[in-house]
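Below, each chain spelled out in residue letters.
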Amino acid sequence: MKDPRLIIKRLLLTEKGTRLTEQHNQYQFDVMPTANKIEIKQAVEKIFNVKVVKVNTMNKLGKAKRLRTMSYGRTAAWKRAIVTLKAGDKIDLT
């Protein structure tokens, strides 16, 4: 297994993430694009010492950006994972 700290890049703190946490006990993570659901589940369980019930993933395409000249580029693509925890478990955000 890969190092869990390499698979999970960061916890996403957004308005949608806060709503999911309060209503459905789900947390959003920015994860390594090559990670699969099993690796994400094992990494979250090992890092935060919680029980994961379900993992949903989404590949997010980078946004198109225009530079000062007439050249175009793109921001980096990334992967988001929404992890559902067992009832009673929670991740301390402080």
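Above this text is the structure in question.
First, a word on scope: everything that follows refers to the structure included in this document. Keep in mind the model is a prediction, meaning the values are calculated, not measured. (Residues numbered from 1 in each chain as written. Predicted model: local features only at pLDDT ≥ 70, side-chain atom pairs only at ≥ 80, totals over all residues. Heavy atoms only, no water.)

What follows deals with the pattern of salt bridges. Inspection of every chain in the model, using the stated rule, returns three salt bridges. For the salt bridge of D30 with R10, the shortest nitrogen-to-oxygen distance reads 3.4 Å. You can see D30 sitting in strand β2 (residues 26-31) and its partner R10 sitting in strand β1 (residues 8-11), a full 20 residues away along the chain. Overall, R10 belongs to the partly exposed group, its relative accessible area being 48%. Residue K51 is joined to E45 by a salt bridge in which the shortest nitrogen-to-oxygen separation is 3.9 Å. Owing to a relative accessible area of 42%, K51 belongs among the partly exposed residues under this scheme. (Salt bridge = Lys/Arg side-chain N within 4 Å of Asp/Glu carboxyl O. Helix = DSSP H or I, 4+ residues; strand = E, 2+ residues; numbered from the N terminus. Buried < 20%, exposed > 50% of the residue type's maximum accessible area, 1.4 Å probe, protein only.)

A separate point is the sheet that holds β1. Strand order in this open sheet of four strands is β1-β2-β6-β3, and the pairing throughout is antiparallel. Two strands bound the open sheet, and with one partner strand each, they are β1 and β3 (52-60). The sheet shows a mean angle of 30 degrees between the axes of neighbouring strands, taken without regard to direction. Direction of pairing for β3 relative to strand β6 (residues 78-85): antiparallel, over a ladder of eight bridges. Looking across to β6, one finds that N56 is bridged to I82. Contacts between helix α2 (residues 15-24) and the sheet are confined to β2 and β6, with β2 contributing the most and set at about 140 degrees to the helix. Across the face of the sheet, helix α3 (residues 37-48) comes into contact with β1, β2, β3 and β6 while running at roughly 120 degrees to β3. (Pairing = 2+ DSSP bridges. Axes fitted to C-alpha atoms, helices over the stretch in contact; angles between N-to-C directions. Contact = heavy atoms within 4.5 Å.)

Once that is clear, we can look at the side chain of R80. Here R80 shows up in strand β6. D30 provides the closest opposite charge to the buried, unpaired R80, separated from it by 8.9 Å. When sequence neighbours within four positions are dropped, the list of residues in contact with R80 reads L12, K16, Q28, F29, N56, T57, M58 and K60. (Lys, Arg positive; Asp, Glu negative; His and termini not counted.)

Enumeration over the complete set of coordinates arrives at one aromatic pair. When the ring of F29 is compared with that of F48, the centres are 5.7 Å apart and the planes differ by 35 degrees; the resulting orientation is tilted. Here F29 is found in strand β2, whereas its partner F48 is found in helix α3, with 19 residues between them in sequence. (Phe/Tyr/Trp six-rings, centres within 6.5 Å; stacked < 30°, edge-to-face > 60°.)

It is worth spelling out the environment of N56 at this point. Along the chain, the position of N56 falls in strand β3. Overall, the relative accessible area of 31% leaves N56 in the partly exposed class. For the pair formed by N56 and K90, sequence separation is 34 residues and the distance between their alpha carbons is 17 Å. Ignoring any residue separated from it by four or fewer positions in sequence, one finds N56 in contact with K37, R80, A81 and I82.

Functional significance is not addressed by these values, which are geometric in nature.
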